Amino acid sequence: MFTIGEFASIGRVSVRMLRHYDEIGLLTPAKVDPFTGYRFYEGRQFETLGRILEFKDLGFKLVDVVRIVDGKLGNDDLRSMLADKRAEVASRLDLDAARLRRLDARLHQREGVHTMITVETKSLPTTRIAQISATAAGFGNENIGPVIGPMYASLAQDLAVAGIGFGPSSLATYEALDDAEGAGIRVNAAFEVPPATSSGTGFQVVDLPAVELAATTVHHGSMATIGETWELLIAWITENGYELAGICRETYLVSMPRPQEEWVTELQQPIVRR
């Protein structure tokens, strides 16, 4: 038997942590002296402690570690938890990598080095679209991506059922919600449709108004990095004597079912001369 101090030292954890594990039923002592309250552990419990530390290191919360370590999870459930955690970590890595690239771009700007994009200024015609809407927690691909992804398949199915041709391009617009919390955004996913099309079950048909002048550029690749292209476009607008004059649009020239690495997206920002 090991005292709590000995067990903590050998297992490379704090005594405080072992007491906490005992309180939540994650790792209870093999024996507690009824008179002194001293905790004692057996050598076999080092294996349990090792599993706890392993899954904590993988990023699992203690409430999940309890489920894993108590042995009641089936192999399929554990595999699912591991896969979900991997996807979460991969998404966080993508976001951090994008932030790192944006930081590098800012540093380059401060040093007088500008990342080049090709910008075209042009008018945008009135466009009839069929659209559906949903709410996302905020701007940024980490919030918008999971929401907008399934929307196009749903809209395409509704249009097909209604016998309406659409495309070839799809579009997206985003509007901040002026509600009680003021944190969410409305995500609008749309396809171009013929001029005579009317609203139907599951979708609304509206006309995107013409824009007299817009600054546009093309983003190639994943939506995870589209924020960087938007930042470069906004910087170009400011540096060239324009200001923003309306809600931006994204037109997907190449998108699903192709992999995101092959996507081509035109960013369209209405502007006026400052």
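As shown above, the structure is provided for reference.
Residues numbered from 1 in each chain as written. Predicted model: local features only at pLDDT ≥ 70, side-chain atom pairs only at ≥ 80, totals over all residues. Heavy atoms only, no water.

## So, the side chain of Asp22
Piece 1. Turning to its location among the elements, Asp22 is positioned in helix H2 (residues 15-23).
Piece 2. When its relative accessible area of 19% is taken as the criterion, Asp22 is described as buried.
Piece 3. Not counting chain neighbours up to four residues away, the residues in contact with Asp22 comprise Leu27, Thr28, Pro29 and Arg39. (Helix = DSSP H or I, 4+ residues; strand = E, 2+ residues; numbered from the N terminus. Buried < 20%, exposed > 50% of the residue type's maximum accessible area, 1.4 Å probe, protein only. Contact = heavy atoms within 4.5 Å.)

## Considerations on the packing of aromatic side chains
Piece 1. What the rule picks out here adds up to 9 aromatic pairs.
Piece 2. When the centroid spacing of 6.1 Å and the interplanar angle of 85 degrees are considered together, the rings of Tyr152 and Tyr252 count as edge-to-face. In this pair, Tyr152 sits in helix H7 (residues 151-161) while Tyr252 sits in strand E11 (residues 249-254), placing the two residues 100 residues apart along the sequence.
Piece 3. Overall, Tyr152 belongs to the buried group, its relative accessible area being 8%.
Piece 4. Relative to Tyr242, the ring of Trp236 lies with its centre 5.9 Å away and its plane at 15 degrees, an arrangement referred to as stacked.
Piece 5. Looking at Tyr242, the relative accessible area reads 11%, which means it is buried.
Piece 6. A connected cluster of aromatic rings, assembled from ring pairs, spans Tyr152, Phe166, Phe191, Tyr252 and Trp263.
Piece 7. In this arrangement the basic side chain of Lys85 is found over the ring face of Phe60, its NZ or CZ atom lying 5.3 Å from the centre.
Piece 8. Sitting above the plane of the Tyr242 ring, Arg273 keeps its charged end 4.1 Å from the centroid. (Phe/Tyr/Trp six-rings, centres within 6.5 Å; stacked < 30°, edge-to-face > 60°. Lys NZ or Arg CZ within 6 Å of the ring centre and 35° of its normal.)

## Digging into the environment of Phe166
Piece 1. Within the secondary structure, Phe166 is located in the loop between H7 and strand E6 (170-176).
Piece 2. Separated by 39 residues in the primary sequence, Phe166 and Thr127 have C-alpha atoms spaced 12 Å apart.
Piece 3. Setting aside residues no more than four positions away along its own chain, Phe166 makes contact with Ala156, Leu159, Phe191, Glu192 and Val193.

## What to know about the packing of helix H1 (residues 4-11) against helix H3 (residues 45-57)
Piece 1. It is the contact of H1 with H3, at a shortest axis distance of 11 Å, that shows an interaxial angle of 50 degrees. Between H1 and H3, the angle falls in the class oblique. Handedness of the crossing formed by H1 with H3: right-handed. Each of Phe7, Ile10 and Gly11 in H1 lies in contact with H3, whose residues at this interface are Gln45, Phe46, Leu49 and Leu53.
Piece 2. The class makeup of the residues in the contact of H1 with H3 is 5 nonpolar, 2 polar and no charged. (Axes fitted to C-alpha atoms, helices over the stretch in contact; angles between N-to-C directions. Parallel < 35°, antiparallel > 145°, perpendicular 65-115°, else oblique. Left-handed = near helix turned anticlockwise from the far one by under 90°. Nonpolar A, V, L, I, M, F, W, Y, C, P; charged D, E, K, R; others polar.)

By themselves, these figures tell us nothing about what the structure is for.
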